[in-house]
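# Notes for the structure review
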Amino acid sequence: AAGVIQSPRHLIKEKRETATLKCYPIPRHDTVYWYQQGPGQDPQFLISFYEKMQSDKGSIPDRFSAQQFSDYHSELNMSSLELGDSALYFCASSSPQTGNTEAFFGQGTRLTVV
Amino acid sequence: KNEVEQSPQNLTAQEGEFITINCSYSVGISALHWLQQHPGGGIVSLFMLSSGKKKHGRLIATINIQEKHSSLHITASHPRDSAVYICAVRSPRTGNQFYFGTGTSLTVIP
């Protein structure tokens, strides 16, 4: 069965560079959530989208932006990268059509900023 | 105060032992997830539960909605089960965002 696909799986960037992370939800899922998990830390909610519109915003830095496209995939754009941005970034997808009980997680993109 | 509490935080077991990890939550939920994370690895979804019990191989997950409690059981544990196990719940109260437990670090010794 198709799962939530994230790309790339691993990414190494230098300070002040930019990065783009992608999340492809389960087919028919129209909601995407982004989370950041620093080393040894709990996941932190960044932002979510429903039907291509931002639905909620968490602790996402101003240097980051995100959007959801017409095919429902989402991209997290990160600029002026800092060492502290090194983390696992994972997304989850769901749909209110399934009563919000069904959700799937991507494996995540491990970003290392050097 | 954490909306999701897991216990134990750390667990060491001998290979072959039966393992139980517990998760209690304080919010109304639409679903509960058990996730696995190996050191330096990504997220692997193990179970998604809204009621009852699910089994996949040596893994069993149960949930009691009235008691707001879920358990993850591993039968005949193996060193490759060594990982962090995370309980996550979705709450309609917060736009169906996820609340995460702090994880249970499991080490299975050969």
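What you are looking at is a predicted structure, and each value in this text was computed from that prediction instead of being measured.

Turning to the overall build of chain A, a few remarks are in order. Across its full length, chain A carries zero helices and eleven strands. For a compact globule of 114 residues, the expected C-alpha radius of gyration is about 13 Å, and chain A comes in at 13 Å, within 12% of that figure. Dimensions along the principal axes, computed over C-alpha positions, put chain A at roughly 40 × 25 × 25 Å. Looking at chain A as a whole, 46% of its 114 residues are labelled buried. Taken as a whole, chain A presents about 5,500 Å² of accessible surface, with 48% of it coming from carbon and sulfur. Within chain A, the 12 negative side-chain charges are centred at a point lying 5 Å from the centre of the 10 positive side-chain charges.

All told, the structure shown has eleven aromatic pairs over all chains when counted by the stated rule. Judged by centre distance (5.1 Å) and plane angle (80°), the ring pair of Tyr35 of chain A and Phe100 of chain B falls under edge-to-face. Here the residue Tyr35 of chain A occupies a position in strand S4 (residues 31-37), and Phe100 of chain B occupies one in strand S10 (residues 97-100), the pair thus bridging two chains. Taken as a pair, Tyr35 of chain A and Phe100 of chain B share a single burial class, namely buried. Here Phe64 of chain A and Tyr89 of chain A contribute two aromatic rings whose centre-to-centre distance is 6.4 Å and whose plane-to-plane angle is 65°, an arrangement assigned as edge-to-face. With Phe64 of chain A in strand S7 (residues 64-68) and Tyr89 of chain A in strand S9 (residues 87-94), this residue pair connects regions lying 25 residues apart in the sequence. In terms of burial, Phe64 of chain A and Tyr89 of chain A fall into one category: buried. By way of ring pairs, the aromatic residues Tyr33, Tyr35, Phe45, Phe90 and Phe105 of chain A together with Phe98 and Phe100 of chain B are connected into one cluster.

Attention now moves to the sheet that holds strand S8 (residues 74-78) of chain A. All names here are of chain A. Strand order in this open sheet of four strands is S1-S3-S8-S7, and the pairing throughout is antiparallel. Bordering the open sheet on either side are strand S1 (5-7) and S7, each of which pairs with just one other strand. Direction aside, the axes of adjacent strands within the sheet are offset by 15° on average. Sheet topology note: the S1/strand S3 (residues 19-24) ladder contains three bridges and is antiparallel.

Residues and elements named next belong to chain B. Taking strand neighbours across the sheet as the criterion, the five strands line up as S1-S3-S8-S7-S6 in an open arrangement whose pairing is antiparallel. Strand pairing shows two members of the sheet lacking a second neighbour, strand S1 (4-7) and strand S6 (52-56), which therefore form its edges. Going from strand to strand, the sheet's axes swing by 15° on average, the running direction of each strand aside.

Conventions and cut-offs
Residues numbered from 1 in each chain as written. Chains lettered and ligands numbered in written order. Predicted model: local features only at pLDDT ≥ 70, side-chain atom pairs only at ≥ 80, totals over all residues. Heavy atoms only, no water. Helix = DSSP H or I, 4+ residues; strand = E, 2+ residues; numbered from the N terminus. Rg over C-alpha atoms; globule rule 2.2 N^0.38 Å. Buried < 20%, exposed > 50% of the residue type's maximum accessible area, 1.4 Å probe, protein only. Areas by Shrake-Rupley, 256 points an atom, 1.4 Å probe, with all protein chains shown as cover. Lys, Arg positive; Asp, Glu negative; His and termini not counted. Charge placed at Lys NZ, Arg CZ, Asp CG, Glu CD. Phe/Tyr/Trp six-rings, centres within 6.5 Å; stacked < 30°, edge-to-face > 60°. Pairing = 2+ DSSP bridges. Axes fitted to C-alpha atoms, helices over the stretch in contact; angles between N-to-C directions.

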